[in-house]
Amino acid sequence: MKHFLFFCLISILISGCSSSDDGRNNNPNLVDINFQYRINIESAEFNQLQFPGNQVPIYYEGVGIGGVVVYNVNNDLYLAYELSDPNHVPDQTCPGMTMNGIEATCSCEGNVYNIITGEQVEGEGDYAMKAYRVEKNGRFLTISN
């Protein structure tokens, strides 16, 4: 009986795993670029990130597609999102989104996104904001894709 239960458990685990990423919401509007950017949250430029509830947009070349916003949730958890509207292809006529509190707004489409959840709160579209990895090591944050 134990062998049968073990076999059933293993079968369930194996059938539940999939090598396909069909469940991922691959956004055709935003390309996957590789980057890594390190910031010192104690520097004057990023000092706001030392306090929970604050965010800093970063618009440096090579950091994301149209910039990245970094948000301090609780000094242990930081979030980073792409500042290009995920519901249309970025181009020269439409700059990246602008920040207003915890919302990012696309001036071209009028789409509005919450930077804590990445979800769209106004406008039309199928995609949420593109999230990036954030790792904290002492006073440094590394944002990467």
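Residues numbered from 1 in each chain as written. Predicted model: local features only at pLDDT ≥ 70, side-chain atom pairs only at ≥ 80, totals over all residues. Heavy atoms only, no water.

## Re the packing of aromatic side chains
In this description, a pair of aromatic rings is defined by centroid distance and the angle of the planes.
Here's step 1: Throughout the structure, instances matching the rule amount to two aromatic pairs.
Here's step 2: Ring centres of Phe35 and Tyr132 lie 4.9 Å apart, and the angle between their planes is 85°; on these two criteria the pair is classed as edge-to-face. One end of the pair, Phe35, is in the loop between α1 (2-16) and β1 (36-40); the other, Tyr132, is in strand β9 (residues 131-137), with 97 residues separating them in the sequence. Residues Phe35 and Tyr132 agree in their burial class; the two are buried.
Here's step 3: Each ring, one from Tyr37 and one from Tyr60, has its centre 5.8 Å from the other, and the planes form 45°; the classification is tilted. In this pair, Tyr37 is assigned in strand β1 and Tyr60 in the loop between β2 (55-58) and β3 (68-72), connecting sequence segments 23 residues apart.
Here's step 4: If you follow Arg38 out to its NZ or CZ, it ends over the ring of Phe140, 4.0 Å from the centre. (Phe/Tyr/Trp six-rings, centres within 6.5 Å; stacked < 30°, edge-to-face > 60°. Helix = DSSP H or I, 4+ residues; strand = E, 2+ residues; numbered from the N terminus. Buried < 20%, exposed > 50% of the residue type's maximum accessible area, 1.4 Å probe, protein only. Lys NZ or Arg CZ within 6 Å of the ring centre and 35° of its normal.)

## A few points about unusual backbone geometry
Here's step 1: Here the phi dihedral of Asn75 falls at roughly 70°; this positive angle occurs in a residue that is not glycine.
Here's step 2: Assignment of secondary structure puts Asn75 in the loop between β3 and β4 (78-82).

## Focus: the sheet that holds strand β5 (residues 98-100)
Here's step 1: The sheet built from four strands is open, its strands ordered β5-β6-β7-β8 with antiparallel pairing. In this open sheet, the two strands that pair with only one neighbour each are β5 and β8 (120-122). Direction aside, neighbouring strands of the sheet carry axes that sit 35° apart on average.
Here's step 2: Sheet analysis places strand β6 (residues 103-105) next to strand β7 (residues 112-114), joined by three bridges and oriented antiparallel. The residue of β7 that forms the bridge with Glu103 is Asn114. (Pairing = 2+ DSSP bridges. Axes fitted to C-alpha atoms, helices over the stretch in contact; angles between N-to-C directions.)

## Let's talk about the pattern of salt bridges
Here's step 1: Taken as a whole, this structure holds two salt bridges when the rule is applied.
Here's step 2: Residues Asp32 and Lys130 are paired through a salt bridge, measuring 2.4 Å at the closest nitrogen-oxygen approach. In this pair, Asp32 is assigned in the loop between α1 and β1 and Lys130 in the loop between β8 and β9, connecting sequence segments 98 residues apart.
Here's step 3: On the basis of relative accessibility, which here comes to 55%, the residue Asp32 falls in the exposed class.
Here's step 4: Note that Arg139 and Glu42 form a salt bridge whose closest N and O atoms lie 3.9 Å from each other. Residue Arg139 is found in the loop between β9 and β10 (140-144), and its partner Glu42 is found in the loop between β1 and β2; the two are separated by 97 residues along the sequence.
Here's step 5: The class of Arg139 is partly exposed, set by a relative accessible area of 40%. (Salt bridge = Lys/Arg side-chain N within 4 Å of Asp/Glu carboxyl O.)

## A few points about the confidence of the model for the protein
Here's step 1: Chain-level pLDDT for the protein is 85 on average; 83% of the residues reach the 70-or-more range.
Here's step 2: Across residues 15-24 the pLDDT falls below 50, and counting only partners more than four positions away or on other chains, this stretch makes one contact in the model. (pLDDT = per-residue confidence, 0-100. Contact = heavy atoms within 4.5 Å.)

## Here's the deal with the sheet that holds β3
Here's step 1: Pairing is antiparallel in the open sheet, where six strands are placed in the order β1-β10-β9-β4-β3-β2. Looking along the sheet, the strands with just one partner apiece sit at the ends: β1 and β2. Averaged over all neighbouring strand pairs, the angle between strand axes comes to 20°, with direction disregarded.

## Section: the environment of Gln50
Here's step 1: Mapped onto the secondary structure, Gln50 falls in the loop between β1 and β2.
Here's step 2: Residue class for Gln50 comes out partly exposed when judged on its relative accessible area of 28%.
Here's step 3: Residues Gln50 and Asn74, 24 residues apart in the sequence, show an inter-C-alpha distance of 9.3 Å.
Here's step 4: When residues no more than four places from it in sequence are discounted, the contact partners of Gln50 are Ile41, Glu42, Asn72 and Asn75.

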